[in-house]
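# Coordinate analysis (summary)
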Amino acid sequence: MFKFTGDVKPEFLRLGGIIFDILGLKGDASVDIAIVDDEEMRELNKSTRNIDKTTDVLSYPALTEIKEFSQKNYSNDYDAQSRAVVLGDIAINTDAAARQAEEYGTGEREINYLFVHGMLHVLGYDHMTDEDKTVMRELEEKVLAEQDKSVVVAVIGRPNAGKSSLVNAIVGEKVSIVSPKPQTTRDRITGICTEGSKQIVFLDTPGMFKPRTKLDEHMDKSVKSSLSGDADVVVIVLDCTKGITEDDEKTIQARLACRAPLYVVLNKTDLKGYDSIYPLLDKLNKYMNRKSGRNIKEVIPISCKTGRNIDVLKSALKKECRDGGFLFPPDEYTDRPVKFIIGEVIREKALLFLQDEIPHGVGIAVLSVDEGKTPVHITADVIVDRQSHKRIVIGDDGTMIKRIGASARRDIEQIIDDKVYLELFVKVRPGWRDKANILHDIGY
């Protein structure tokens, strides 16, 4: 994806993503943008081109050829801080844009046009000949005319198959918590990936299982809600290290009876190896070539850990986007409130460090997030079923709760981009998973 430094307008991010999609570019690339006036543009022309005049846009390409933007391909042009390949610099003259807007349209549209024009220049396009000019102009109009589109994707599968890891990998932010324990996700969490004119809205659902408590019933309801009409596309995540079970096949058959296009993802290929995946692909082949009824649209082997083929799945889902605009603002990556995300991060660390000592018996109620203090002051209750569980969570001399808090604090600071003081209290609430008022306080 494109990254920008300097005078970055939100629309530049959108247009850069559209260019990225239309040209089929891969990897991460950055461009420095400068917004200048007539006098500043004249000075730039003098110092860089030895021309004493003002122009509407200037581009300074850094690359001589365009291929996948990676550190391996561009060792000398890779910026470690932004983790992107530097394409070059663009200067846009707002005075010229205002003059040209009198003939071509609004000033904002003209600035966007100059940005697109400059971007194509740094990507190697030019207008020295009539043929080149035609190609460039057609691309500019195609980019500027692109309409915002979106798609809602339900991500389902057995517990611990990697559903949350997949959503986090595509969104690029921690939307859902991840742990080795099954049923880590307790609620239907929305993750939002917006690139250019395409927005993919993920419904990350809990793993499918038989409910026993009110909390389990809530989790089961979340799955059914995601599949009852909310989703345009369904992605089934399978753990390839466990093969394809009878339950997996029943899930596939049930989803093929629905209207939504179906994709199947074979996760954890880094643990299995591609040679051993071929039998799984062969087993799924019968669902891709059925003579009657719906078929699996595509089977994609991936690794959330290494990132392998995540871009392939993302590209496939972008093609499913439909007209009608974005469902969420382009700068949002989840619809869940900050307090809920903070609580989930704390719960993730508790699950990680406690392992099997307290299976599924921890709830987090975030009591307050005081952004008026420096650092930001957060207080939360760690809720357990039994007094013996409380002693385990606290640990000898408070070592366990301190460990949980320290690890959670580091992640929360990255999420809210600020320093955090995190205060945790362990509370015993027998049978809390069956108590609606406690589940409400937790955010379910």
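Residues numbered from 1 in each chain as written. Predicted model: local features only at pLDDT ≥ 70, side-chain atom pairs only at ≥ 80, totals over all residues. Heavy atoms only, no water.

### As for the pairing of strand 2 (residues 29-36)
Short version of the rule: A strand pair is defined by DSSP finding two or more bridges across the two strands. Counting from the N terminus, the helices are DSSP H or I runs at least four residues long and the strands are E runs at least two residues long.
Two elements, strand 1 (residues 2-6) and strand 2, share five bridges in a ladder whose sense is parallel. Paired with Thr5 across the two strands is Asp32, which belongs to strand 2.

### Examining the sheet that holds strand 13 (residues 363-370)
Short version of the rule: Orientation is described by lines fitted to C-alpha atoms, with helices fitted over the stretch in contact, and by angles between N-to-C directions that extend from 0 to 180 degrees.
Strands sit in the order 13-14-15 across an open sheet of three strands; the sheet is mixed. Strands at the two margins of the open sheet, each flanked by one partner only, are strand 13 and strand 15 (420-428). The sheet shows a mean angle of 20 degrees between the axes of neighbouring strands, taken without regard to direction. In this sheet, strand 14 (residues 376-384) lies alongside strand 13 in antiparallel orientation, the contact comprising seven bridges. Of the residues in strand 14, the one forming a bridge with Ser368 is Thr379.

### Observations regarding the packing of helix 6 (residues 163-171) against helix 11 (residues 310-318)
To keep things clear, this is the line we draw: Here the angle decides the label: under 35 degrees means roughly parallel, over 145 means roughly antiparallel, 65 to 115 means roughly perpendicular, and every other value means oblique. We call two residues contacting when some pair of their heavy atoms lies within 4.5 Å. Residues are grouped as follows: Ala, Val, Leu, Ile, Met, Phe, Trp, Tyr, Cys and Pro are nonpolar; Asp, Glu, Lys and Arg are charged; every other residue, Gly included, is polar.
Across the interface, helix 6 lies against helix 11 with an axial gap of 10 Å and an inter-helix angle of 80 degrees. By the angle between their directions, the pair helix 6 and helix 11 is classed as roughly perpendicular. When helix 6 is examined against helix 11, the residues Leu166, Ala169 and Ile170 are found in contact with a partner set consisting of Ile310, Leu313 and Lys314. Looking at the contact of helix 6 with helix 11 residue by residue, the classes come out as five nonpolar, no polar and one charged.

### Thoughts on the packing of aromatic side chains
What counts, and what does not: A pair of Phe, Tyr and Trp rings is counted when the ring centres sit within 6.5 Å of each other, with Trp represented by its six-membered ring. The angle between the planes then sorts it: under 30 degrees is stacked, over 60 is edge-to-face, the rest tilted. Only protein chains enter the accessibility calculation, which uses a 1.4 Å probe; a residue whose area is less than 20% of its type maximum is buried, one above 50% is exposed, and one in between is partly exposed. By definition, being over a ring means that NZ of Lys or CZ of Arg is both within 6 Å of the ring centre and within 35 degrees of the ring normal.
Under the defined criterion, the tally for this structure stands at two aromatic pairs. Consider the rings of Phe12 and Phe115, whose centres lie 4.4 Å apart with planes at 10 degrees: the pair is stacked. Highlighted residues: Phe12 in helix 1 (residues 10-22) and Phe115 in helix 4 (residues 107-122), separated in sequence by 103 residues. Summarising the burial analysis for this pair, Phe12 and Phe115 share the class buried. Summarising the aromatic geometry, the rings of Phe69 and Tyr74 are spaced 6.1 Å apart at their centres and angled 35 degrees between planes, so their arrangement reads as tilted. By relative accessible area, Tyr74 is classed as buried at 6%. Cation over ring: Lys67 sits above Tyr74, and NZ or CZ is 5.8 Å from the ring centre.

### Here we look at helix 5 (residues 130-145)
Formally: For a helix, the expected span equals 1.5 Å multiplied by the number of residues minus one. This arc corresponds to the set of directions leading from the helix axis out to the C-beta atoms.
Between its first and last C-alpha, helix 5 extends 22 Å over 16 residues, near the 22 Å set by a 1.5 Å rise per residue. The complete set of buried residues in helix 5 reads Met136, Leu139, Glu140 and Val143. Seen from one end, helix 5 has its buried residues packed into an arc of 100 degrees, which puts them on one side. Of the exposed residues in helix 5, those oriented more than 90 degrees away from the buried face are Asp130, Glu131 and Glu138. On its buried face, helix 5 is in contact with helix 1 and helix 4.

None of the figures reported here should be taken as evidence of function without further support.
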